[in-house]
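# Fold and geometry: a report
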Amino acid sequence: CFLFLGERLNIIMTFAVIIICVGVVGLGIVEMKEDDSLRAKRQEKANIKYSKSLIALLFPLIYCLVDAAGTVADTIVLERLSENTASVAYELTFLVLGLLCFVYVVIVKKEKLTVHREGPKFIGAIFETAGQFAYIFAISANAIAAAPMISAYCVASVLWSRIFLKEKLSIKHYAMILLCVIGIVILGTAE
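Residues numbered from 1 in each chain as written. Predicted model: local features only at pLDDT ≥ 70, side-chain atom pairs only at ≥ 80, totals over all residues. Heavy atoms only, no water.

## Considering the pattern of salt bridges
Inspection of the entire model under this criterion finds 4 salt bridges. Ionic pairing is found between Lys109 and Glu111, a salt bridge with its closest N-O pair at 3.5 Å. Look at Lys109 and you get partly exposed, because its relative accessible area is 45%. Residue Glu118 is joined to Lys121 by a salt bridge in which the shortest nitrogen-to-oxygen separation is 3.0 Å. With a gap of 3 residues between them, Glu118 and Lys121 both fall in helix 6 (residues 115-151), about one helical turn apart. Overall, Lys121 belongs to the exposed group, its relative accessible area being 55%. (Salt bridge = Lys/Arg side-chain N within 4 Å of Asp/Glu carboxyl O. Buried < 20%, exposed > 50% of the residue type's maximum accessible area, 1.4 Å probe, protein only. Helix = DSSP H or I, 4+ residues; strand = E, 2+ residues; numbered from the N terminus.)

## Things to note about the packing of helix 7 (residues 153-164) against helix 8 (residues 171-190)
Running from N to C, helix 7 and helix 8 point in directions that differ by 135 degrees, and their axes come no closer than 10 Å. In terms of axis orientation, helix 7 runs oblique to helix 8. Crossing handedness for the pair helix 7 and helix 8: left-handed. Of the residues in helix 8, those touching helix 7 at Val155, Val158, Leu159 and Arg162 are Tyr174, Ile177 and Cys180. By residue class, the composition of the contact of helix 7 with helix 8 is 6 nonpolar, no polar and 1 charged. (Axes fitted to C-alpha atoms, helices over the stretch in contact; angles between N-to-C directions. Parallel < 35°, antiparallel > 145°, perpendicular 65-115°, else oblique. Left-handed = near helix turned anticlockwise from the far one by under 90°. Contact = heavy atoms within 4.5 Å. Nonpolar A, V, L, I, M, F, W, Y, C, P; charged D, E, K, R; others polar.)

## Quick word on the confidence of the model for the protein chain
Scored by pLDDT, the protein chain comes out at a mean of 80, with 88% of its residues at no less than 70. Helix 5 (residues 83-108) holds the highest mean pLDDT among the elements of the protein chain, 90, whereas helix 3 (residues 36-42) holds the lowest, 63. (pLDDT = per-residue confidence, 0-100.)

## A few points about the packing of aromatic side chains
In total, this model carries 2 aromatic pairs according to the counting rule given. With centroids separated by 5.8 Å and ring planes inclined at 45 degrees, the aromatic side chains of Trp160 and Phe164 adopt a geometry described as tilted. Here Phe164 and Trp160 lie together in helix 7, a separation of 4 residues that amounts to about one turn. (Phe/Tyr/Trp six-rings, centres within 6.5 Å; stacked < 30°, edge-to-face > 60°.)

## So, unusual backbone geometry
In most cases, non-glycine residues show a negative phi, while peptide bonds are predominantly trans. For Lys110, which is not glycine, the phi torsion reads 60 degrees and is therefore positive. Its location among the elements puts Lys110 in the loop between helix 5 and helix 6.

## Some thoughts on the nonpolar core
Among the nonpolar cores identified, the biggest contains 16 residues, and Leu27, Val155, Val158, Ile177 and Leu187 are the most heavily contacted of them. For this core, the secondary structure elements donating two or more residues are helix 2 (11-33), helix 7 and helix 8. Counting residues per element, this core draws most heavily on helix 2, at 6 residues. Beyond its immediate stretch of four places on either side in the chain, Leu27 contacts Cys154, Val155, Val158, His173, Met176 and Ile177. (Core = buried A, V, L, I, M, F, W, Y, C linked by side-chain atoms within 4.5 Å.)

Structure, rendered in structure tokens:
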């Protein structure tokens with residue numbers, strides 16, 4: 001948005017974005033420099049090819065590029081459409097894709113759907129829809145400020161891994177998480 005759309009931040013927001021970026025990159029550095037025995041203990045069931053390989057480097061980089069391009073595209077769309085119109089368009093797109101997936105799974109592959117097995121997917125879809133709705137309004141309000149906050153999802157992922165997977169985090173992990181949270185609070189209140 002800064003490079004292609006000419007959007008700008010004030011000094012406080014720029015400082016907050018820098019703090020968030022330092023926290024997110026710092027979290028990656030903490031993970032990378034972590035003692036191998038501590039990492040192994042924390043990630044006993046992790047697949048090594050996803051943590052120490054070219055794929056482990058390429059996938060996040062490709063994701064970042066695609067995500068950034070999507071954010072710019074969303075910003076351009078939201079300059080032309082209202083938030084409500086864009087939300088309906090996005091949700092109808094997801095509905096069409098969902099129906100195509102349904103046709104493929106039920107008609108082509110002839111799999112049976114059960115509420116017990118599909119329930120978590122429905123809950124996930126509800127949260128995804130709520131997230132998309134919030135995303136649209138955040139991006140339309142101030143894309144260049146909202147994008148860094150949205151991209152700090154890795155902080156939530158690390159916290160969820162601690163809470164739900166019982167992974168052990170070091171003081172450095174918590175320091176980087178705190179840095180991101182401080183940046184997000186500053187960015188959120190600077191508007």
